Every structure is written in C-alpha cells, then in structure tokens.
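Topology and contacts: notes
One-letter residues, chain by chain:
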Amino acid sequence: MLVRSVEPRRDPWLSPPGGSRRHRIIALGEGAHAWAARADLTGRHARVALWGDAIDVMQRLDGEIVLSATDLVGFLACDHLTQVDLQVALGLLEPPTRDDPYLDMLAGKGLAHEAKVLARLRADRTCVEICGDTRTRQGLLDAEADTLAAMRAGVDLVYQATFFDGRWRGHADFLLRVSTPSALGSWSYEVADAKLAHSVKPRALTQLTEYSLQLARLQRVAPTLMHVALGDGSWAILPVADEMEEHMTARSGLEASILGSPRPTYPERVDYCGVCRWADVCADRRRAADHPSPLPGMLANRTRLLVDAGITTVAALATAAEDPVDGFSDATWERDRCHARLLVEERSTGRPAYALLPHDMDGGLGALPAPSAGDLFFDIESEPFGLPGGLEYLFGFVDVVDREPRYRAFWAHTREDERTAFEGAVDFMLSRRARDRSLHVFHYASYEVSALRRLAARHQTRQAEIETLISTGVLVDLYQVVKQSVRISRSSYSLKSLEDFYMPRRDDAVSNAGGSMVGYELWRQNGDDDVLEGIRIYNERDCVSTLRLRDWLEERRRELELTTGCTLVRPRLVSTAGAASQTG
C-alpha cells in the first residue's frame, strides 16, 4: 500500500486578482421562529421542539421528571443523549445552544407546512385549538382537560391536542374525528401529524404511536389508524397496532434509564447527531479524547469493540498489532488501522495524507476513462421543499478551454423551468458528446444520476437519452473511484473533505449543500440577486472541484503504475449498439 502526504495547493482561478469572490448571503442565522413568522405562524402552535426552544425535551416539574415522545426518539437513537438531558432536567448541566441555519430553515418550513395542512383541514370542519401555558404541571393538566372537553363536544378537528398522564406529555398536531364508538359517544378520534418529509420516518412513527397511546387513555378505545400529512401533499395512513408492542418496550426502557442519578455514558457518533443540540459538545469531547469514532465508516459497535480491547484512541489504533481484535474481519481491521495511521501522520506533518490501495481490476483507478479535451464536470443544486417532490434548480457544468475552467449554468425556478433546464442540460451533454465521442461527464456521488432519472420520469422527456448516457458509461461517478482506490486522513469522503489534497479551502458565504438550500429559500423570499450569485459561485466551485479531483486521481493512477510496474487498463467504451472494447 502506498502512503503519501501532500502540500496544500493554490489554484489561481479560484482566487482571481482584484479580491475575493465572496458574495453576500444575508440572514443565515435568524432561527426557526423567524422562518415561522414568514408563514404568519403565531401563538402556541409556533412552538419549535429544537435546541433552545426545546420545551418538549425532558423536564422536571414540581420535582418529577416529565417525558415526551421527543425524549423517546432520542433514547432510541443515543443513550448518552438521554443522560445529558436528564442532567439538564435535574439542574446539573446547562443545555448548549447550536446555530444551524439549515435546521432552523427546516423547522420553520415544517411549521409553515403544518399551517397549510391546518388551513385545508379546518376549511370544512369544526375545529378547536388547544392553547395555554404548558410549561407547568398544572398547565399541562389544564390543556389535557381542554383537549378532552373538545373531544366530548364531538368537534371534527382538535388542533394542538395536549396529553399528560403525570409522567408523559404529548402535543399532537391534529385529532381527526372518526365514526368508531368510544367512551365519548358514537365517535372517537385518530392522531394526525404534519411532517415536511416525503416519507414517514421512524421518528414520526414513534411520536404518532405515543400520541395514539395517550389518546386511547382519554377516549377508552385504541385508535385504529394514525395519519401523516407529508411534505409532498400526500397522506400516509398507518395501523397503530403494528407499532405498539415495540413502542411499549422502548417506553419502558426509557423510564428505567432515568431512575436514580444520571449514569456516565460516552457520546458515540450516531445518525441523530445531525439534528441534536448536543452535537458540537459531543464532537469536541471525542476530539479532545482522540476517540476513534471520527474515522471514516467507523460505527458505534466497532468503537465499543476497540474499547473492550483496550484501544481507546486513534493513536493507539494506528500502532495496534496486525492481528484483528475480536469482532473485526481482517479487511475491516486493516482499513481502520490505515485510516488511523493517516490521521496521525497528518497531525504530525500538518499535511493531508493518503494511501493508495492495490489495483482492483473491477474498479478503483482502473475505472477512470482516458481524459478528453471535451470532458464535462457536472453538479446539480436542489431545493427539496419548495415544490411537491422538490425542485432541481441549477444544473452546472465546467469544461476546460485554453487550460482554464469555463462554467455554464441552466437555472430553474418553477416546475416548467425545471423541465426546460433539464432538457437543456441533457441536450448540452448530448451535443458535446456528438462532437467528441471520447467525452465523459464526471460527477461526485450518486445524486446526479438519480436526479436525471427522476426528472426524465417526472417530465416524460429525454428518458432514452439519459439511459444511453448511463449505460454507455458517459456518466462517471468519481466517488466510487475514490472509495475503491485511496484512503485519506479525513473523517469522511465528501467532496469538501477531499479538496485539501488538490485545491485551496473555500471561504465563500455558501460553502455546503445546506447553505445553498438556505440561500435559495432566502432568495425566493427576498429576491436578493447577491444570494443567487453566491449559490452560483458555490455550484461553479463544486464543478471545478470535480475537475481538480479527476486530475488528482489521474496523478494517483500514474503514481500507482510507476510504483507497481503495472499498466492499468482503461474502462470499456460501450457503443449504443452494445459493442465494447478496452483501451490501455
């Protein structure tokens, strides 16, 4: 295995004479309530269960711990989260604050979606909204009493229904009246929630099941179904009984976990970190302890195996014996040890390090097609919540003319624009391919191919052309090449993580996909062209980064050939008729 470190590179095109290419993005840190205010959301239902606004997170009221579905979601995701939230509830720890404009935007758009669903539901129904101060035990009891009074009155719709049994609280977006008899009379209710996602997530199921359990207590009959108003305008309807057994087991586990004093736990890295208010605090703790969890692909079960074997740091893993510890395969053990060694090397030298993997006949650097003067480098920007099914609003391409990157963009701000931009982007690739049969279109990760197929199906256009571009190997995913050919001293294989190997770090106002989504939503609201220009620059730099990555991988290919003495075969060139050949 070949191991190298590299000096940071400068790219004159990315730092043009005359100053920075930074552009202004305004109001990126306004918070969820600012987004909610734009949707005219006021009062009790503008409550946001995130971070500092998290009144649904574990509390101590009148000396007793009160739990919620939010706590149950957290418990199922991360035992450490439950214990630190318990410390906060007991007054032993201050809660953190986390400034994340993207999550603020999602929370605000979720509230706006909830308001739209409410408007549709109450248009032809009698409706009662449950209001009041639910920050106290008595306030919760009063709100549940108001909820039950509305149910007994037989209204069609109860909005912000509140449940409180003395230990568990809950706030369902909606209760829908159905014709099933109950203790209320010839009717009963079922729970409905508005969710911005386009499919029902496990977290939503946990919340809905908890609300359904509480609802059964009030009306003395279990609801049959639970309903989700999804962000694409559709409704999902799910049987309550399918979830209840597992839910009750998890509920009991959470109740047992908060008995007595908080237990010492370690903040393993889990998927829930992406939305957790403690994420930065936990990451700092792992970093300070040199914990192995930041290594690429490192799962919590593997870090526990390492700890059980006495390997508690990246440095210790880097110098561990060649024989794997219990629970590791030979391949996984060698991969994790290699990543640890590279990370330690970068700490020592201050330069990013990489290691080339042995040549794989079915992929890796052997999957790189020969460079062509006409090659294109492609990236798409999307906005998943502006329209049902989302909007692909920017198709960006870079090619090289006179040794300099040249950028071209196809924009879309409506569904009809999207069709026009999609057709333009596809026709652009096809026309360039017709002029240069050796041309390839490089992208990073699978999103671009998935989006092109989705758009072809949505608009019923260019479907055959897209499948031809895919089946003939014109579209090349560099993420797969990287994963199969090189290991790096980074915690992930994202494009931004790789850029230290071949280009300067970015300092633009928009520097990641979340920022581009936030910026695009702001542009929709205020029409500020500076915001749109910031997104254009971000997309252009992603395309340039893909170009620079391809060139860096070509250098690694030559390096592997020189050090191993082998000649890597280029991938097959597939014609539309299905004929194939290989080139050296």
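Structure report, in brief. Starting from 1, residues in each chain are numbered consecutively following that chain's sequence as written. In keeping with the model being predicted, local features are shown solely for residues with a pLDDT of at least 70 and side-chain atom pairs are shown and tallied solely at 80 or more, while totals for entire chains, interfaces and linings include all residues. Water and hydrogen atoms were dropped before computing side-chain values, which therefore reflect all heavy atoms in the structure.

1. A look at the sheet that holds strand S13 (residues 404-411)
Strand pairing is defined by DSSP finding a minimum of two bridges between the two strands. By the criteria applied, helices consist of DSSP H or I runs no shorter than four residues and strands consist of E runs no shorter than two, each listed in order from the N terminus. Here five strands make up an open sheet; going across it, the order is S13-S12-S11-S14-S15 and the pairing mixed. At either end of the open sheet lies a strand with only one pairing partner, and these are S13 and strand S15 (475-477). Adjacent strand axes in the sheet meet at a mean angle of 30°, parallel and antiparallel pairs treated alike. Two elements, strand S11 (residues 376-383) and strand S14 (residues 441-443), share two bridges in a ladder whose sense is parallel. Considered in S14, the bridge of Phe 377 is made with Phe 442. An axis is simply a line fitted to the C-alpha atoms; with a helix, the fit covers only the stretch in contact. Between two such axes, the angle follows the N-to-C directions and lies from 0 to 180 degrees.

2. What about the side chain of His 247?
Within the secondary structure, His 247 sits in helix H7 (residues 241-257). The buried label goes to any residue with under 20% of its type's maximum accessible area, the exposed label to any with over 50%, and the partly exposed label to all in between, with areas taken from a 1.4 Å probe on protein chains only. Accessibility expressed as a relative area gives 5% for His 247, which makes it buried. Counting of polar contacts relies on pairs of N or O atoms within 3.5 Å, with two restrictions inside protein: one atom must be capable of donating a hydrogen and the other of accepting it, and residues adjacent in sequence are counted only when both atoms are side-chain atoms. A polar contact is formed between the side chain of His 247 and the side chain of Glu 210, at a distance of 2.8 Å. Sequence-distant contacts of His 247, that is, excluding residues within four places in its chain, are made with Leu 72, Thr 206, Thr 209, Glu 210 and Leu 213. A contact between two residues is defined here by any heavy atoms of the two lying within 4.5 Å.

3. Notes on the packing of aromatic side chains
By convention, a stacked pair of Phe, Tyr or Trp rings (six-membered ring in the case of Trp) has centres within 6.5 Å and planes under 30 degrees apart, an edge-to-face pair has planes over 60 apart, and any other such pair is tilted. Here the structure, examined in full by the defined rule, presents 15 aromatic pairs. Between Phe 410 and Phe 428 the ring centres are 5.9 Å apart and the planes differ by 50°, which places this aromatic pair in the tilted class. Of the two residues, Phe 410 sits in strand S13 while Phe 428 sits in helix H12 (residues 415-435), which places them 18 residues apart along the sequence. Judged by relative accessible area, which is 12%, Phe 410 ranks as buried. Judged by its relative accessible area of 10%, Phe 428 falls in the buried class. Taking 5.3 Å as the distance between ring centres and 45° as the angle between the ring planes, the aromatic pair formed by Phe 501 and Trp 552 counts as tilted. Taken together, the residues span a long stretch of sequence, with Phe 501 in the loop between helix H16 (495-498) and helix H17 (513-526) and Trp 552 in helix H18 (residues 529-564) at a distance of 51 residues. Across this residue pair, the class does not change: Phe 501 and Trp 552 are buried. By the ring-pair criterion, three or more aromatic residues cluster together here, those being Phe 378, Phe 397, Phe 410 and Phe 428. In this analysis the charged atom, NZ for Lys or CZ for Arg, is taken to sit over a ring once it is within 6 Å of the ring centre and within 35 degrees of the ring normal. Residue placement shows Lys 483 over the ring face of Tyr 493; its charged tip is 4.7 Å from the ring centre. Taking the ring centre of Phe 442 as reference, the NZ or CZ of Arg 550 above it sits at 5.3 Å.

4. Notes on helix H13 (residues 447-459)
The terminal C-alpha atoms of H13 lie 18 Å apart, and with 13 residues this matches the ideal 18 Å at 1.5 Å per residue to within 8%. Looking at the buried residues of H13, the elements they touch are S11, strand S12 (391-401), H12, S14, helix H14 (463-471) and S15. Gln 460 occupies a position one or two residues after H13 and carries a positive phi of about 50°. In this scheme, a helix's expected span is set at 1.5 Å multiplied by one less than its residue total.

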